[in-house]
Amino acid sequence: MEIFGRILRASRYTERALEQVFKRFGLDLGLFNVLSALRRHGPTYRLSPSELNGWCMLTSGAMTKRLDRLEKAGLVVRRADPSDRRGVLVELSPAGLALIDQVVVAHIENESRLLTVLSPKMHEELAALLRRLLAHLEQEVGELPATPSGLVHDEPAKVV
């Protein structure tokens, strides 16, 4: 019980610390996830809403709400998909690209600050232990369903 209690408590504390950084930029964790998924995709910085759903683990309704907010703020643009007349692509606007580049720097600095209590070797050990635990949980429990809140999508864990 102490392990899961600590994981859950650590999650709540880290989420709060991450949200404080995003708030400085007018974002929340969910909006950051969408912008960072587009940024990670690389030049064109463009994905379909269903691809974004997969990366952000969201329901289509939750994604639509986030995209509406980001579009209204001028951070993304919806464009017709040239390969599918019925499709839409979501693209970072120049303002969205500039913002996510700033936020990522602040986010990484914040994560580093939060982990200063651990040595670099401990970082590696903790990452390896969590990777192993997540791989087991994915097999034991199965895939996580899309959620309205959404979490940062990580590649499936592999046991090392």
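Residues numbered from 1 in each chain as written. Predicted model: local features only at pLDDT ≥ 70, side-chain atom pairs only at ≥ 80, totals over all residues. Heavy atoms only, no water.

The next thing to look at is unusual backbone geometry. With a phi close to 45°, tyrosine 45 is a non-glycine residue in the positive phi region. The topology assignment puts tyrosine 45 in the loop between helix H2 (29-40) and strand E1 (46-47). What makes tyrosine 45 buried here is its relative accessible area of 17%. Unusually for a residue other than glycine, methionine 57 sits at a positive phi of about 55°. Within the secondary structure, methionine 57 sits in the loop between helix H3 (49-56) and helix H4 (60-72). (Helix = DSSP H or I, 4+ residues; strand = E, 2+ residues; numbered from the N terminus. Buried < 20%, exposed > 50% of the residue type's maximum accessible area, 1.4 Å probe, protein only.)

Moving on to helix H5 (residues 94-114). Residues three or four positions apart in an α-helix share a direction because the helix packs 3.6 residues into each turn. Here H5 spans 30 Å end to end across 21 residues, near enough to the 30 Å set by a 1.5 Å rise per residue. Of all the residues in H5, the buried ones are Gly96, Leu99, Ile100, Val103, Ala106, His107 and Asn110. Projected down its long axis, H5 shows its buried positions confined to an angular sector of 135°, all on one face. Facing away from the buried side of H5 by more than 90 degrees, the exposed set consists of Pro94 and Glu109. Against helix H1 (2-24), H2 and strand E3 (84-92) lie the buried residues of H5. (Expected span 1.5 Å × (residues − 1). Arc of directions from axis to C-beta. Contact = heavy atoms within 4.5 Å.)

On to the packing of H1 against H5. Helix-helix packing is described using two parameters, namely the angle between the two axes and the distance between the axes. Close contact between H1 and H5 brings their axes to 10 Å; oriented N to C, the two are set at 155°. Taken together, the axes of H1 and H5 are roughly antiparallel relative to one another. As for how H1 packs across H5, the hand of that crossing is right-handed. For the pair H1 and H5, the contacting residues are Ala17, Leu18, Val21, Phe22 and Arg24 in the first and Val103, Ala106, His107, Asn110, Glu111 and Leu114 in the second. Of the residues in the contact of H1 with H5, the class split is seven nonpolar, two polar and two charged. (Axes fitted to C-alpha atoms, helices over the stretch in contact; angles between N-to-C directions. Parallel < 35°, antiparallel > 145°, perpendicular 65-115°, else oblique. Left-handed = near helix turned anticlockwise from the far one by under 90°. Nonpolar A, V, L, I, M, F, W, Y, C, P; charged D, E, K, R; others polar.)

Looking now at the environment of leucine 114. Position of leucine 114 relative to the elements: it lies in helix H5. Judged by relative accessible area, which is 31%, leucine 114 ranks as partly exposed. For the pair formed by leucine 114 and threonine 14, sequence separation is 100 residues and the distance between their alpha carbons is 7.9 Å.

Attention now goes to the confidence of the model for the protein chain. Close inspection of predicted coordinates is inappropriate in any region flagged by low pLDDT. Summing up the model confidence of the protein chain, the mean pLDDT is 88 and the portion of residues at 70 or higher is 89%. Of all the helices and strands in the protein chain, H3 carries the lowest mean pLDDT, 86, while H5 carries the highest, 97. In the model, residues 148-160 has pLDDT below 50 throughout and makes 32 contacts with residues more than four positions away in sequence or in other chains. (pLDDT = per-residue confidence, 0-100.)

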